[in-house]
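For reference, the chains in residue letters:
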Amino acid sequence: DAGVTQSPTHLIKTRGQHVTLRCSPISGHKSVSWYQQVLGQGPQFIFQYYEKEERGRGNFPDRFSARQFPNYSSELNVNALLLGDSALYLCASSPGTEAFFGQGTRLTVV
Amino acid sequence: GQNIDQPTEMTATEGAIVQINCTYQTSGFNGLFWYQQHAGEAPTFLSYNVLDGLEEKGRFSSFLSRSKGYSYLLLKELQMKDSASYLCAAPLGGQNFVFGPGTRLSVLP
């Protein structure tokens, strides 16, 4: 069975640009969450979606947005990129309590 | 507020035992997770404690004391492949996890 898949795996963007990251959950999982992990730190919660509805939002600016599609896949959008947005962006899906993480998208803003 | 604390780095020798501590302060309690994360890879699930006591799973065990807001991960018979970051995490509801900073464990030959 395929795990959580994220695309792209690596991305380089310029300050001020926008970016869209994609995530496909494990088949049957309806909940998708997004995390930002800066080098050397633990992941920080950004969003959770369940059945296409936002169920939670972390302490991130409005430049960050997300959505979930009818097939439960999800997109994370970040506008007006800053250097500080450089991080590993992790997507996790869940059938209940335990979270299963994808490999992440490494975003570098230059 | 929500806060999870753990040491940032630890070093141990192959074949030894190491204990990674985690203290937490959360407004509610829905259990405590431990994840392993190798450099550049996704976090992978190790253990979940919701009741006090020790949960053993092969070479890895996890302990929880809810009254003390304290957990630890015990790794026995350390192997070189155990060199990784170990993340302590508390779910706040749904899939909103609060993670600690991670403990980077280096296993030396």
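Here is what the cut-offs are and how they apply
- Residues numbered from 1 in each chain as written.
- Chains lettered and ligands numbered in written order.
- Predicted model: local features only at pLDDT ≥ 70, side-chain atom pairs only at ≥ 80, totals over all residues.
- Heavy atoms only, no water.
- Helix = DSSP H or I, 4+ residues; strand = E, 2+ residues; numbered from the N terminus.
- Rg over C-alpha atoms; globule rule 2.2 N^0.38 Å.
- Buried < 20%, exposed > 50% of the residue type's maximum accessible area, 1.4 Å probe, protein only.
- Contact = heavy atoms within 4.5 Å.
- Areas by Shrake-Rupley, 256 points an atom, 1.4 Å probe, with all protein chains shown as cover.
- Lys, Arg positive; Asp, Glu negative; His and termini not counted.
- Charge placed at Lys NZ, Arg CZ, Asp CG, Glu CD.
- Salt bridge = Lys/Arg side-chain N within 4 Å of Asp/Glu carboxyl O.
- Pairing = 2+ DSSP bridges.
- Axes fitted to C-alpha atoms, helices over the stretch in contact; angles between N-to-C directions.
- Disulfide = S-S within 2.5 Å.
- Buried area = accessible area lost by both parts, 1.4 Å probe.
- Polar contact = N/O pair within 3.5 Å; in protein donor to acceptor, adjacent residues only side chain to side chain.
- Nonpolar A, V, L, I, M, F, W, Y, C, P; charged D, E, K, R; others polar.

1. Observations regarding the overall build of chain B
Turning to step 1, where the next piece is worked out: Each helix and strand counted, chain B has zero helices and eleven strands in total.
Turning to step 2, where the next piece is worked out: Going from the N terminus to the C terminus, chain B shows its helices and strands as β-β-β-β-β-β-β-β-β-β-β.
Turning to step 3, where the next piece is worked out: In terms of overall dimensions, chain B is globule-like: its C-alpha atoms have a radius of gyration of 13 Å, near the 13 Å expected for 109 residues.
Turning to step 4, where the next piece is worked out: When its C-alpha atoms are laid out on the principal axes, chain B stretches across 40 × 30 × 20 Å.
Turning to step 5, where the next piece is worked out: Buried positions account for 46% of the 109 residues belonging to chain B.
Turning to step 6, where the next piece is worked out: Contacts spanning at least 24 positions in sequence make up 54% of the contacts within chain B whose residues lie at least 6 apart.
Turning to step 7, where the next piece is worked out: With an accessible surface of roughly 5200 Å², chain B has 49% of that area assigned to carbon and sulfur atoms.
Turning to step 8, where the next piece is worked out: Computing the positive centroid from 7 side-chain charges and the negative centroid from 9, chain B places the two 3 Å apart.

2. Quick word on the pattern of salt bridges
A pair can form between side chains of opposite charge whenever their charged atoms are brought close.
Residues and elements named next belong to chain A.
Turning to step 1, where the next piece is worked out: Under the criterion given, the structure shown has eight salt bridges over all chains.
Turning to step 2, where the next piece is worked out: In this structure, Lys 30 engages Glu 51 in a salt bridge whose closest nitrogen and oxygen atoms are separated by 3.4 Å. Highlighted residues: Lys 30 in the loop between β3 (19-24) and β4 (31-37) and Glu 51 in the loop between β5 (44-50) and β6 (53-57), separated in sequence by 21 residues.
Turning to step 3, where the next piece is worked out: Residue Arg 63 pairs with Asp 85 through a salt bridge whose shortest N-O separation is 2.8 Å. Highlighted residues: Arg 63 in the loop between β6 and β7 (64-68) and Asp 85 in the loop between β8 (74-78) and β9 (87-94), separated in sequence by 22 residues. There is no split in this pair, since Arg 63 and Asp 85 are both buried.

3. Overview of the sheet that holds β3(A)
All names here are of chain A.
Turning to step 1, where the next piece is worked out: The strand order across the open sheet formed by four strands is β1-β3-β8-β7, and the pairing between neighbours is antiparallel. Across the chains shown, the open sheet's two edge strands, defined by having one partner strand only, are β1 (5-7) and β7. Averaged over all adjacent pairs, the angle separating strand axes in this sheet is 15°, with direction ignored.
Turning to step 2, where the next piece is worked out: Pairing geometry for β7 and β8, over five bridges, is antiparallel.

4. Quick look at the state of the cysteines
Joining two cysteines, a disulfide is a covalent bond between their sulfur atoms.
Residue and element names in this part refer to chain A.
Turning to step 1, where the next piece is worked out: Throughout the structure, instances matching the rule amount to two disulfides over all chains.
Turning to step 2, where the next piece is worked out: The disulfide partner of Cys 23 is Cys 91, and the S-S distance across this bridge is 1.8 Å. Disulfide Cys 23-Cys 91: torsion about the S-S bond near -65°, hence left-handed. Here Cys 91 lies in strand β9 and Cys 23 lies in strand β3, a separation of 68 residues in the sequence. Each of the two residues, Cys 23 as well as Cys 91, counts as buried.

5. Here we look at the interface of chain A and chain B
The figure often quoted for interface size is the accessible area lost as the parts come together.
Turning to step 1, where the next piece is worked out: Between chain A and chain B, the contact holds 20 residues from the first and 15 residues from the second.
Turning to step 2, where the next piece is worked out: Summing the contributions of chain A and of chain B, the shared interface buries around 1500 Å²; its carbon and sulfur component is 55%.
Turning to step 3, where the next piece is worked out: For the interface between chain A and chain B, the tally reads zero salt bridges.
Turning to step 4, where the next piece is worked out: In this structure, the connection of chain A to chain B is made through four residue pairs in polar contact (both at pLDDT 80 or more).
Turning to step 5, where the next piece is worked out: Elements with a contribution of two residues or more to the side of chain A that touches chain B: β4, β5 and β9 of chain A.
Turning to step 6, where the next piece is worked out: In terms of residue count, β4(A) provides more of the side of chain A that touches chain B than any other element does, four residues in total.
Turning to step 7, where the next piece is worked out: Class assignment for the residues of the side of chain A that touches chain B results in seven nonpolar, twelve polar and one charged.

6. Points about the environment of Lys76(B)
All names here are of chain B.
Turning to step 1, where the next piece is worked out: With respect to the helices and strands, the residue Lys 76 is situated in the loop between β8 (70-75) and β9 (84-91).
Turning to step 2, where the next piece is worked out: Judged by relative accessible area, Lys 76 falls into the partly exposed class, the value being 28%.
Turning to step 3, where the next piece is worked out: With 18 residues separating them along the chain, Lys 76 and Gly 58 place their C-alpha atoms 8.7 Å apart.

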